[in-house]
Amino acid sequence: MSAVIVMISDGQARRIASDWHGGMSSALYSLASSGAVDLDRARDEISRELQNLDVGEIRRELLALDKYVRTAGERTAVAEWFRFWDESPVSVNHT
């Protein structure tokens, strides 16, 4: 049986990015504040954080955020992005 991280919502992505951004010039800050995705920079920032973590819920959240940005791809700011926020934990399907 393996665990598969399900796709997170926009609100979860915004919350996770806001927890892990490296300041106003970071790609995760841009995602958290406007919904814009700079795919390469965001994935690099997530990857750097993942290198310092073992298994667990925090790692699962960052892996889910990586899946989210890969699926979203490059994009500019999202209208009404400030309305999205979701505190629910990242779910996992066991298959």
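The structure this text deals with has already been given above.
Residues numbered from 1 in each chain as written. Predicted model: local features only at pLDDT ≥ 70, side-chain atom pairs only at ≥ 80, totals over all residues. Heavy atoms only, no water.

Trainee: Is there a simple way to think about the packing of aromatic side chains in this case?
Mentor: One pair of aromatic rings is described through two measures. These are the centre distance and the angle between the planes. Under the definition given, this model contains one aromatic pair. With centroids separated by 5.4 Å and ring planes inclined at 55 degrees, the aromatic side chains of tryptophan 81 and phenylalanine 84 adopt a geometry described as tilted. Owing to a relative accessible area of 2%, tryptophan 81 belongs among the buried residues under this scheme. Among the residues examined, phenylalanine 84 registers a relative accessible area of 31% and is labelled partly exposed. (Phe/Tyr/Trp six-rings, centres within 6.5 Å; stacked < 30°, edge-to-face > 60°. Buried < 20%, exposed > 50% of the residue type's maximum accessible area, 1.4 Å probe, protein only.)

Trainee: Would you mind showing me how to read helix 4 (residues 57-72) here?
Mentor: Its 16 residues place the ends of helix 4 22 Å apart at the C-alpha level, agreeing with the 22 Å of an ideal helix rising 1.5 Å per residue. Turning to helix 4, its buried residues number three or more, namely Glu61, Leu62, Ala64, Leu65, Asp66, Tyr68 and Val69. Once helix 4 ends, the next one or two residues include glycine 73, with phi positive near 70 degrees. (Helix = DSSP H or I, 4+ residues; strand = E, 2+ residues; numbered from the N terminus. Expected span 1.5 Å × (residues − 1).)

Trainee: How should I be thinking about the environment of serine 47 in this particular structure?
Mentor: Its place among the elements puts serine 47 in helix 3 (residues 39-50). Along the primary structure serine 47 and aspartate 10 are separated by 37 residues, whereas in three dimensions their C-alpha atoms are 20 Å apart.

Trainee: Help me out: how do you make sense of the packing of helix 1 (residues 10-20) against helix 2 (residues 27-34) in this one?
Mentor: How two helices sit against one another is set out by the angle between their axes and by the gap between those axes. Two numbers describe how helix 1 lies on helix 2: the axes approach to 8 Å, and their chain directions differ by 140 degrees. Between helix 1 and helix 2, the crossing angle belongs to the class labelled oblique. As helix 1 packs across helix 2, the resulting crossing turns out to be left-handed. Contacts between helix 1 and helix 2 involve Arg14, Ala17, Ser18 and Trp20 on the former and, on the latter, Leu28, Leu31 and Ala32. Here the residues of the contact of helix 1 with helix 2 are counted per class, giving five nonpolar, one polar and one charged. (Axes fitted to C-alpha atoms, helices over the stretch in contact; angles between N-to-C directions. Parallel < 35°, antiparallel > 145°, perpendicular 65-115°, else oblique. Left-handed = near helix turned anticlockwise from the far one by under 90°. Contact = heavy atoms within 4.5 Å. Nonpolar A, V, L, I, M, F, W, Y, C, P; charged D, E, K, R; others polar.)

Trainee: Quick question: what am I supposed to make of the side chain of glutamine 12 here?
Mentor: With respect to the helices and strands, glutamine 12 occurs in helix 1. A polar contact of 3.2 Å, which involves the side chain of glutamine 12, links it to the backbone oxygen of proline 89. Leave out the neighbours within four places in its chain, and glutamine 12 touches Asp86, Ser88, Pro89 and Val90. (Polar contact = N/O pair within 3.5 Å; in protein donor to acceptor, adjacent residues only side chain to side chain.)

Trainee: Could you clarify how one ought to interpret the pattern of salt bridges in this entry?
Mentor: A side chain of one charge can pair with a side chain of the opposite charge if their charged atoms are brought near each other. Within this structure, the stated rule accounts for six salt bridges. Where aspartate 38 meets arginine 41, a salt bridge forms, and the shortest distance between an N and an O atom there is 3.6 Å. By relative accessible area, aspartate 38 is classed as partly exposed at 27%. For arginine 43, the salt bridge goes to aspartate 66, with nearest N and O atoms at 2.7 Å. Note that arginine 43 is positioned in helix 3 and aspartate 66 in helix 4, a separation of 23 residues in sequence. Aspartate 66 sits in the buried class, given a relative accessible area of 10%. One network of salt bridges, with partners in common, ties together Asp38, Arg41 and Glu45. (Salt bridge = Lys/Arg side-chain N within 4 Å of Asp/Glu carboxyl O.)

Limitation: the analysis is restricted to geometry and does not speak to function.
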